[in-house]
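Next come the chains, spelled out residue by residue.
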Amino acid sequence: MSMSVTQTTPPIVHPRWLRLTHWLNALAMLIMVTSGWRIYNASPLFNFSFINELTLGGWLGGALQWHFAGMWLFGVNGLCYLLINLCSGRFKRRFWPLSPGRFFADLAAALRGRLRHADPRHYNMVQRAAYLFAMADSVLLALSGLVLWKSVQFPLLRELLGGYEAARYIHFFAMSALVGFVVIHLVMVALVPRTLLAMLRGR
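The shown structure was predicted, so the numbers you read here are calculated from the model rather than taken from an experiment.

Quick notes on the packing of helix H1 (residues 16-42) against helix H7 (residues 164-191)
Their axes nearest at 11 Å, the elements H1 and H7 cross at an angle of 135°. For the element pair H1 / H7, the angle class is oblique. As for the relative orientation of H1 and H7, their crossing is left-handed in sense. Mapping the contact onto sequence places His22, Met29, Val33, Trp37 and Tyr40 in H1 and Phe172, Met175, Leu178, Val179, Val182 and His185 in H7. Tallied by class, residues from the contact of H1 with H7 come to nine nonpolar, two polar and no charged.

Put into structure tokens, the structure is as follows:
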């Protein structure tokens, strides 16, 4: 009497296009943040500077070239990510609706280490809010960066952001917020390692 063993293939958590845009975005952010720190050191906003060993570019001119390269990768890749999310309906399925009550309940559970991740295909309210915040912050980062790059060509945008100097502060704090998001994201990945495997192999 023979017995056959049926093996079920784990469902796809992240499609290939999402994994590609995710890792390209990670590369773009690494380039932009480290080169941005070198640019900041050339004209600091506050009474501190970043350690040169953590910066990219070697000097201001080199940092600007790296920053512009990262900017194009960040912008084009981010636009592709948003368009595919919207056109495929994934944005609505994964990030909507938001519930303030469930958000605070999930946040309290996360702080106690009791937030479950039974199905990585579905985001809890904390994840939804965090990813939406990262998207909105990335848009603000890009808009303020345009003002710093081409201030004369974008006069209306410059005025909406409060002027060139205000745009510098907005850009800095938007960058800081995105770095903070990445740090928290990495901590959560360390706590739930299978999320990294899903982003690498899709399942």
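A short note on the side chain of Ser151
Its location among the elements puts Ser151 in the loop between helix H5 (125-149) and helix H6 (155-160). Look at Ser151 and you get buried, because its relative accessible area is 16%. Each residue touching Ser151, except ones within four places of it in the same chain, is listed here: Leu146, Arg158 and Tyr164.

Comments concerning H5
Here H5 spans 36 Å end to end across 25 residues, near enough to the 36 Å set by a 1.5 Å rise per residue. All buried positions along H5 are accounted for by Met125, Gln127, Arg128, Leu132, Ala134, Met135, Asp137, Ser138, Leu141, Ser144, Gly145 and Val147. On its buried face, H5 is in contact with helix H2 (60-88), helix H3 (90-95), helix H4 (100-111), H6 and H7. Structurally, the start of H5 carries an N-cap: the backbone nitrogen of Val126 is 3.0 Å from a side-chain oxygen of Asn124.

Here's the deal with the packing of H1 against helix H8 (residues 194-201)
At a minimum axis separation of 8 Å, H1 and H8 run at an interaxial angle of 110°. With respect to H8, the axis of H1 lies roughly perpendicular. Two secondary-structure elements touch here, H1 through Arg19, His22 and Trp23 and H8 through Leu196, Ala198, Met199, Leu200 and Arg201. Class assignment for the residues of the contact of H1 with H8 results in five nonpolar, one polar and two charged.

Concerning the nonpolar core
Counting 17 residues, the largest nonpolar core has Phe172 and Met175 as its most contacted members. Among the secondary structure elements, those contributing two or more residues to this core are H1, H2, H5 and H7. A total of six residues in this core trace back to one element, the largest contributor, which is H1. Taken together, domain 1 (14-44 + 53-96) and domain 2 (100-110 + 122-202) each give at least three residues to this core, which thus spans both. Contact partners of Phe172, with chain neighbours within four places excluded, come to Tyr40, Leu45, Phe46, Phe48 and Phe50. Ranked by size, the runner-up nonpolar core spans six residues in total, among them Leu18, Tyr81, Phe95 and Met135.

Here's the deal with the environment of Tyr131
Structurally, Tyr131 is set in helix H5. A sequence separation of 23 residues divides Tyr131 from Ala108, and the C-alpha atoms of the two residues are 18 Å apart. Those residues in contact with Tyr131 that sit more than four places away from it in its chain are Phe95, Tyr123, Phe181 and His185.

Comments concerning the UniProt feature "transmembrane region" (unreviewed entry) in the protein
Cross-referencing UniProt, the feature "transmembrane region" (unreviewed entry) maps to residues 20-40, 64-84, 129-149 and 169-193 in the present numbering. Summarising residues 20-40: 100% helix, 0% strand, and an end-to-end C-alpha distance of 30 Å. Within residues 64-84, the helical portion is 100% and the strand portion 0%, while the C-alpha atoms at the span's ends are 30 Å from each other.

Points about a nonpolar patch on the surface
Together, Leu60, Leu64, Phe68, Trp72, Val76 and Trp149 make up a nonpolar patch on the protein surface, roughly 540 Å² of accessible area in all. The greatest single-element share of the nonpolar patch, amounting to five residues, is contributed by H2. Position of Val76 relative to the elements: it lies in helix H2. With a relative accessible area of 48%, Val76 lands in the partly exposed category.

What counts, and where the lines are drawn
Residues numbered from 1 in each chain as written. Predicted model: local features only at pLDDT ≥ 70, side-chain atom pairs only at ≥ 80, totals over all residues. Heavy atoms only, no water. Axes fitted to C-alpha atoms, helices over the stretch in contact; angles between N-to-C directions. Helix = DSSP H or I, 4+ residues; strand = E, 2+ residues; numbered from the N terminus. Parallel < 35°, antiparallel > 145°, perpendicular 65-115°, else oblique. Left-handed = near helix turned anticlockwise from the far one by under 90°. Contact = heavy atoms within 4.5 Å. Nonpolar A, V, L, I, M, F, W, Y, C, P; charged D, E, K, R; others polar. Buried < 20%, exposed > 50% of the residue type's maximum accessible area, 1.4 Å probe, protein only. Expected span 1.5 Å × (residues − 1). Polar contact = N/O pair within 3.5 Å; in protein donor to acceptor, adjacent residues only side chain to side chain. Core = buried A, V, L, I, M, F, W, Y, C linked by side-chain atoms within 4.5 Å. Domains from an automatic or database assignment. UniProt positions renumbered as here; feature names shortened; annotations may be inferred. Patch = residues over 30% accessible without salt bridge, like charges linked within 9 Å, V, L, I, M, F, W, Y side chains within 5 Å. Areas by Shrake-Rupley, 256 points an atom, 1.4 Å probe, with all protein chains shown as cover. Salt bridge = Lys/Arg side-chain N within 4 Å of Asp/Glu carboxyl O.

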